[in-house]
Number of protein chains: 2
Amino acid sequence: MLDVRRLRLLHEFAARGSIAATAAALGYTPSAVSQQLTTLEAEAGVALLERSARRASLTDAGQTLAAHARVVLDAIEAAEADLAVGGEPAGSLVVGMIPTASPLFAPALAGLRRRYPGLELVVRQIESARAEAALRQREIDVAVIDLWRERAMPGLTSVRLRRDPLVLAFPAGHPGRRVDGEVLLCAPADQPSRAATDELLGAAKPAARWEFEGLHTIATLVSQGIGVAVLPESALAEVDPATVTMRPFRPARHRWIEAVVRVSARRRPAVDAVLEMLTESHRRGGDEF
Amino acid sequence: MLDVRRLRLLHEFAARGSIAATAAALGYTPSAVSQQLTTLEAEAGVALLERSARRASLTDAGQTLAAHARVVLDAIEAAEADLAVGGEPAGSLVVGMIPTASPLFAPALAGLRRRYPGLELVVRQIESARAEAALRQREIDVAVIDLWRERAMPGLTSVRLRRDPLVLAFPAGHPGRRVDGEVLLCAPADQPSRAATDELLGAAKPAARWEFEGLHTIATLVSQGIGVAVLPESALAEVDPATVTMRPFRPARHRWIEAVVRVSARRRPAVDAVLEMLTESHRRGGDEF
DNA sequence: GGAAATTACGGAGCGCGTAAAGATA
DNA sequence: TATCTTTACGCGCTCCGTAATTTCC
């Protein structure tokens, strides 16, 4: 029978791309990882790695086996989660969160840490685009991300936390109600928020498009009078409301803030507590669906 | 992370019901099994076994964990099967077969043994009713069974091998074409063939009903002039055709002979070769669907 | 008393770290 | 040269068998 600990190494290798990184991620020496992967190849009876002195990479067989490994690890995680059902939230749990969600939800999670001493909760920043892979790789257990349009995520399950309306943001006291002739601040081309901007303002003729990374950065620039932008309301919550004028779209457009977890982790009490706290803090926030 | 080898012990224990039997089945001593299950309980953090000096049984948590174990083991088996895809059929493979199917398919399987020296093929007899559990417990890898009516078998997949028409069998030269007043030979009440007999001859008034185990036994009794019976054609193939008269039903009734395997084992070359050989020998048999 | 479970103890195997060497950018 | 990988070697842990003990039919 294939050894599952070795499958875990392969799975991690598939994500990291090098033996050294795999070893570092799992707390082993490269030597141990190298030896175990060699043994796994012997068990499998097929070459799993293409090795050179300087780097190793997966063969096709290695990739398919790594995919199987994920299924196996998911099944084990589901078993562990089921064992813990009914118990106190405990163990280590990493929450990945987009920057604009932090002010909304981080305080609630801080309260969770206080309530459950057995819970080691870490909140990290993450991009929405990387969240799916990070969840699958078990780098994080819960992802709080924004979704700009519907998307299927097999093996993952999500809870809607907040509908976040998009608005056109002007510097306060700005005379015009039109984008034409203004400086339009927007995200780089690969960002989903950029796609939304382009779609909503497709007909407009701004004087220029300036690209910046980060909705918070763009919000700050608007508040400083640099230009106008399409932004979700929550990104404007952090700047002085007196400095910005918001105009909603008709029909209304929005992004969703969602919490995403692996289905196999869903039953962990710790995950459950986090999800409950996240939805609860939404209710306190007063936004309705 | 839960240790999968220990999960395998738990899974086997769930099927066997005792530590001694589990140890015997997997080639360990009871001592080893006892120790490993104790360790598994420590890992799980929950009581999995209710122990007395004389016997041990699963707690609720133990049962649910055993169910999870099956999922994990299936995933590993699927990974192994995928690794072997494209290779020569090899390894150990146990085929469970109902008695009436043996003369139809056993010769073909014998040929398979000759063709693939790496294949250790064992054919065992099995009752249809036990086949599903035996497959799940990995006692057998392929089951050749009869199906008297449609039945869902989650986690398993089946291939239809042969439509086996039911006939009314009389001793040769028997004058009457009616069951009334004859001795009706049939299976005990819990057998599916008995249900078919009762359904087909519900209105008849036999002089007596004599119960015997095994369709082949019943076929032999008919050929010896003891009585009449509802039988599948294949059960009559082994007795001297001169001694039996067959009358088909209208509308035609039949049972299916099917090969059933775990989906997780489906891709093993050895399983594939066996299934192919089984369907092929059906074609040679000349029966059409 | 016998069958089934557990505990004690010891040996063998193997997983992993240390150290060193090879290879490539 | 620095980094990534592999090999050699040895320590220590863990698994499992033997044997003895306990408990309940």
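As the structure is a prediction and not an experimental result, all values here were calculated from the model.

Trainee: Is there a simple way to explain the UniProt feature "domain: HTH lysR-type" (unreviewed entry) in chain A in this structure?
Mentor: Summarizing the sequence annotation, UniProt attributes the feature "domain: HTH lysR-type" (unreviewed entry) to residues 2–59 of chain A in the numbering used throughout. Between the first and last C-alpha atoms of residues 2–59 of chain A the distance is 18 Å; the span itself is 62% helix and 10% strand.

Trainee: What should I look at first to understand the confidence of the model for chain A in this one?
Mentor: Do not read the predicted coordinates in detail wherever pLDDT is low. Mean pLDDT for chain A: 91, with 97% of residues reaching 70 or above. pLDDT under 50 marks residues 285–289 of chain A. Its contacts with residues more than four places away, or in other chains, come to 9 contacts.

Trainee: Explain the protein's contact with DNA strand C here, please?
Mentor: Residues in contact with DNA strand C amount to 23 residues; listed here are only the nearest, Arg5 and Thr29 of chain A together with Ala20, Ser34 and Arg51 of chain B. Within 4 Å of the protein, the atoms of DNA strand C are drawn from sugar and phosphate moieties in a proportion of 71%. Ser31 of chain A is positioned such that a nitrogen or oxygen atom in its side chain is 3.0 Å from a base oxygen of DNA strand C. In this structure, Gln35 of chain A approaches DNA strand C through a side-chain N or O atom, which is 3.2 Å from a base oxygen. Contributing elements (two or more residues each) for the surface near DNA strand C: α1 (4–16) and α3 (30–44) of chain A together with α2 (19–26) and α3 (30–44) of chain B.

Trainee: Looking at this structure, I do not really get the relation of the copies chain A and chain B. What am I missing?
Mentor: Relating one copy of the chain to the other takes a rotation about an axis and a shift parallel to that axis. It takes a turn of 179° to lay chain A on chain B, together with a shift of 0.1 Å along the axis; the resulting RMSD is 0.2 Å. With respect to symmetry, the two chain copies, as superposed, fit the operation of a two-fold axis. Minimal C-alpha distance to the rotation axis in chain A is attained by Val72 of chain A, lying at 2.9 Å. The residues that chain A uses at the interface reappear at the interface of chain B in 95% of cases, marking a shared surface.

Trainee: What is the right way to look at the protein's contact with DNA strand D in this model?
Mentor: If you check the shell around DNA strand D, you find 23 residues, and the closest are Ala20, Ser34, Arg51 and Arg54 of chain A together with Arg5 of chain B. Among atoms of DNA strand D positioned within 4 Å of the protein, sugar and phosphate together represent 73%. Ala53 of chain A places a main-chain nitrogen or oxygen 2.9 Å from a base oxygen of DNA strand D. The side chain of Arg5 of chain B places a nitrogen or oxygen atom 2.4 Å from a phosphate oxygen of DNA strand D. Of all the secondary structure elements, the ones that give two or more residues to the surface near DNA strand D are α2 (19–26) and α3 of chain A together with α1 (4–16) and α3 of chain B. Looking at the surface near DNA strand D residue by residue, the class counts come to 7 nonpolar, 10 polar and 6 charged.

Trainee: Would you mind showing me how to read the pattern of salt bridges here?
Mentor: Applying the stated criterion to the full structure yields 44 salt bridges over all chains. Put simply, Arg253 of chain A and Glu199 of chain A hold a salt bridge, and the shortest N to O gap is 3.2 Å. Of this pair, Arg253 of chain A sits in the loop between β10 (244–248) and β11 (254–262) while Glu199 of chain A sits in helix α7 (residues 192–200), placing them 54 residues apart in sequence. Judged by relative accessible area, which is 57%, Glu199 of chain A ranks as exposed. Salt-bridge contacts for Asp74 of chain B lead to Arg138 of chain B; the nearest nitrogen and oxygen are separated by 2.8 Å. With a gap of 64 residues between them, Asp74 of chain B in helix α4 (residues 60–84) and Arg138 of chain B in the loop between α6 (128–136) and β5 (142–147) connect regions that are remote in the sequence. Its relative accessible area of 25% is what places Arg138 of chain B among the partly exposed residues. Residues joined by salt bridges that share partners form a network here, namely Asp74, Glu77, Arg138, Asp141 and Arg262 of chain A.

Trainee: Help me understand the interface of chain A and chain B in this model?
Mentor: By a widespread convention, an interface's size corresponds to the accessible area lost as its parts come together. Each partner contributes residues to the interface: chain A has 20 residues there, and chain B has 19 residues. Contact with chain B buries area across many residues of chain A, yet Met1, His68 and Leu83 of chain A alone supply 35% of it, more than any other trio. Scanning the region where chain A abuts chain B turns up 0 salt bridges. Applying the counting rule to chain A against chain B returns 4 residue pairs in polar contact (both at pLDDT 80 or more). Taken together, the elements giving at least two residues each to the side of chain A that touches chain B come down to α1 and α4 (60–84) of chain A. Top element by residues in the side of chain A that touches chain B is α4 of chain A. It accounts for 12 residues. Tallied by class, residues from the side of chain A that touches chain B come to 15 nonpolar, 1 polar and 4 charged.

Trainee: Honestly, the environment of Arg124 of chain B in this entry has me stumped. Any pointers?
Mentor: All names here are of chain B. Here Arg124 shows up in strand β4 (residues 119–125). Judged by its relative accessible area of 36%, Arg124 is partly exposed. Each C-alpha atom of the pair Arg124 and Val71 lies 26 Å from the other, and the pair is 53 residues apart in sequence.

Trainee: How should I be thinking about α2 of chain B in this particular structure?
Mentor: Side chains that are three or four residues apart share a direction in an α-helix, a result of its 3.6 residues per turn. Residues and elements named next belong to chain B. When α2 is considered as a whole, its buried residues turn out to be Ile19, Thr22, Ala23 and Leu26. Taken down its axis, α2 places every buried residue within 100° of arc, on the same side. Buried-residue contacts for α2 involve α1, α3 and β2 (56–58). Positioned one or two residues after α2, Gly27 has a phi angle of 80°, which is positive.

Trainee: Help me understand the domain arrangement of chain A, please; the structure alone is not making it clear to me.
Mentor: Along its sequence, chain A is carved into domain 1 (4–84), domain 2 (91–163 + 255–285) and domain 3 (165–253). For domain 1 of chain A and domain 3 of chain A, the distance between their C-alpha centroids amounts to 45 Å.

Trainee: Is there a simple way to explain the nonpolar core in this structure?
Mentor: A general tendency of soluble globular proteins is for nonpolar side chains to be buried together. Ranked by size, the top nonpolar core spans 52 residues in total, and within it Leu37 and Leu65 of chain A together with Leu37 and Leu65 of chain B carry the most contacts. Leu65 of chain B has contacts with Ala79 and Leu83 of chain A together with Leu2, Leu7, Leu10, Leu40 and Leu48 of chain B, leaving out every residue within four places of it along the chain.

Trainee: I keep staring at the packing of α1 of chain B against α4 of chain B and nothing clicks. Help me out?
Mentor: Two measures define how a pair of helices packs: the angle their axes make with one another and the distance between the axes. Residues and elements named next belong to chain B. One way to put it is that α1 packs onto α4 with a least axis distance of 8 Å and a crossing angle of 120°. In terms of axis orientation, α1 runs oblique to α4. In this structure, α1 crosses over α4, and the sense of that crossing is left-handed. Of the residues in α4, those in contact with Val4, Leu7, Arg8, Leu10, His11 and Ala14 of α1 are Gly62, Leu65, Ala66, Ala69, Arg70, Val72, Leu73 and Ile76. Taken together, the residues of the contact of α1 with α4 break down into 10 nonpolar, 2 polar and 2 charged.

The rules behind each value
- Residues numbered from 1 in each chain as written.
- Chains lettered and ligands numbered in written order.
- Predicted model: local features only at pLDDT ≥ 70, side-chain atom pairs only at ≥ 80, totals over all residues.
- Heavy atoms only, no water.
- UniProt positions renumbered as here; feature names shortened; annotations may be inferred.
- Helix = DSSP H or I, 4+ residues; strand = E, 2+ residues; numbered from the N terminus.
- pLDDT = per-residue confidence, 0-100.
- Contact = heavy atoms within 4.5 Å.
- Near = heavy atom within 4 Å.
- Polar contact = N/O pair within 3.5 Å; in protein donor to acceptor, adjacent residues only side chain to side chain.
- Least-squares fit on C-alpha atoms with pLDDT ≥ 70 in both.
- Nonpolar A, V, L, I, M, F, W, Y, C, P; charged D, E, K, R; others polar.
- Salt bridge = Lys/Arg side-chain N within 4 Å of Asp/Glu carboxyl O.
- Buried < 20%, exposed > 50% of the residue type's maximum accessible area, 1.4 Å probe, protein only.
- Buried area = accessible area lost by both parts, 1.4 Å probe.
- Arc of directions from axis to C-beta.
- Domains from an automatic or database assignment.
- Core = buried A, V, L, I, M, F, W, Y, C linked by side-chain atoms within 4.5 Å.
- Axes fitted to C-alpha atoms, helices over the stretch in contact; angles between N-to-C directions.
- Parallel < 35°, antiparallel > 145°, perpendicular 65-115°, else oblique.
- Left-handed = near helix turned anticlockwise from the far one by under 90°.

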